[in-house]
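Okay, here's what each chain looks like letter by letter:
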Amino acid sequence: MTLRDFGVLILICLVWAGNNIISKIVVAHWGVPPLAYAAVRFGLVALVTLPWLLPAPRPVWRLILVALLMGAGNFALLFMGFKTASPSAASVIIQLGVPFTTILSVLILGERIRWKRGLGIALTLSGAVVVMWSPHGLQLSAGLWLVAAAAFTGSLGAVMMKQMEGVKPLQFQAWVGFSSVWPLAALSALTEPGSIPAALHAGWPFVAAVVFSALVVSVVGHTAYYGLIQRYEANLIAPLTLMTPLMTIGLGVLITHDHFDLRMGVGAALALLGVLVIALRKNQVMPLLMSIRNRAQ
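Calculation rules
Residues numbered from 1 in each chain as written. Predicted model: local features only at pLDDT ≥ 70, side-chain atom pairs only at ≥ 80, totals over all residues. Heavy atoms only, no water. Helix = DSSP H or I, 4+ residues; strand = E, 2+ residues; numbered from the N terminus. Buried < 20%, exposed > 50% of the residue type's maximum accessible area, 1.4 Å probe, protein only. Contact = heavy atoms within 4.5 Å. Areas by Shrake-Rupley, 256 points an atom, 1.4 Å probe, with all protein chains shown as cover. Core = buried A, V, L, I, M, F, W, Y, C linked by side-chain atoms within 4.5 Å. Axes fitted to C-alpha atoms, helices over the stretch in contact; angles between N-to-C directions. Parallel < 35°, antiparallel > 145°, perpendicular 65-115°, else oblique. Left-handed = near helix turned anticlockwise from the far one by under 90°. Nonpolar A, V, L, I, M, F, W, Y, C, P; charged D, E, K, R; others polar.

Caption draft 1: Inspection of the overall build of the chain at higher detail. Helix and strand counts for the chain come out as 14 helices and two strands. Taken across its 297 residues, the chain has 56% of its residues classed as buried. Counting only contacts in the chain whose residues sit at least 6 apart along the sequence, the fraction spanning at least 24 positions is 89%. Carbon and sulfur atoms make up 73% of the accessible area of the chain, which totals about 12700 Å².

Caption draft 2: Structural detail: the nonpolar core. Val26, Tyr37, Phe79, Ile93, Phe172, Leu184 and Phe206 are the most contacted members of the largest nonpolar core, which has 56 residues in total. A total of twelve residues in this core trace back to one element, the largest contributor, which is helix α3 (residues 60–82). Not counting residues up to four positions away in its chain, the partners in contact with phenylalanine 206 are Val26, Trp30, Val32, Tyr37 and Ala199.

Caption draft 3: Geometry of the side chain of threonine 153. Counting through the fold element by element, threonine 153 comes out in helix α7 (residues 142–161). Beyond its immediate chain neighbours, meaning those up to four positions away, threonine 153 contacts Leu69, Gly73, Asn74 and Leu77.

Caption draft 4: Fine view of the packing of α3 against α7. With their axes 8 Å apart at the nearest point, α3 and α7 run at an angle of 165° to one another. Considering the angle they form, α3 stands roughly antiparallel to α7. Both α3 and α7 take part in a crossing whose hand is left-handed. Partitioned by chemical class, the residues of the contact of α3 with α7 number 16 nonpolar, seven polar and one charged.

Structure representation (structure tokens):
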């Protein structure tokens, strides 16, 4: 990998990590309802990528279902989780998308899991359990369970995406935005009264957060990321993207004052080691593992 491309990857991971912190601030500190935030985000994505919406790849029903799973479902659950979960803990729990995707690839795509990838799955799951553990037992944090559900939803969408061909990055972003904005807006209107006044009260910082999340993270960041995937082997890029949760933990401690102790450190180390073991094994689902883990940033 060239020094320039490595610098681009570092910047992409920093942007994704920063977006985790911003999303936490928007829904937890500024009080903007999570579904409303996700709806506005995807509305802007849909507007900017509208020229790439047509012609629609076939089959359209599968593309819409994948877009809903990886867009509306994934982000709605993630932002709802951020209401109570810290960015640091969420960045570890979202790594469950890697074993989820691997297991689903066996069930749906017929892949086989050998002992090294099995070890990676066990390490990642163990790390997640350690992060969710407390002196009183397994900590049933609603926020972290929502983040885990977001990881599963996105994983299912990613595996289904593997069964489609010829969908370009910006075209996929267009369909994710277009398919997600309507159900999110409807659900927000039904379940989040006062979302518009809350967004207006947040003011221009909220506008800046939405622009950053929609344009810099989704459109620019993921397009640049897919460009790197096309130029380099997946099992080279995947381990390097582990910088994202590490940066999220660092930024979370500095900016949102996340609690980070020895237990969190051990859990994060186990989970990321498991992801690394899986990422270094060459297999057809490898690009999906990266896609789901990083798309939820």
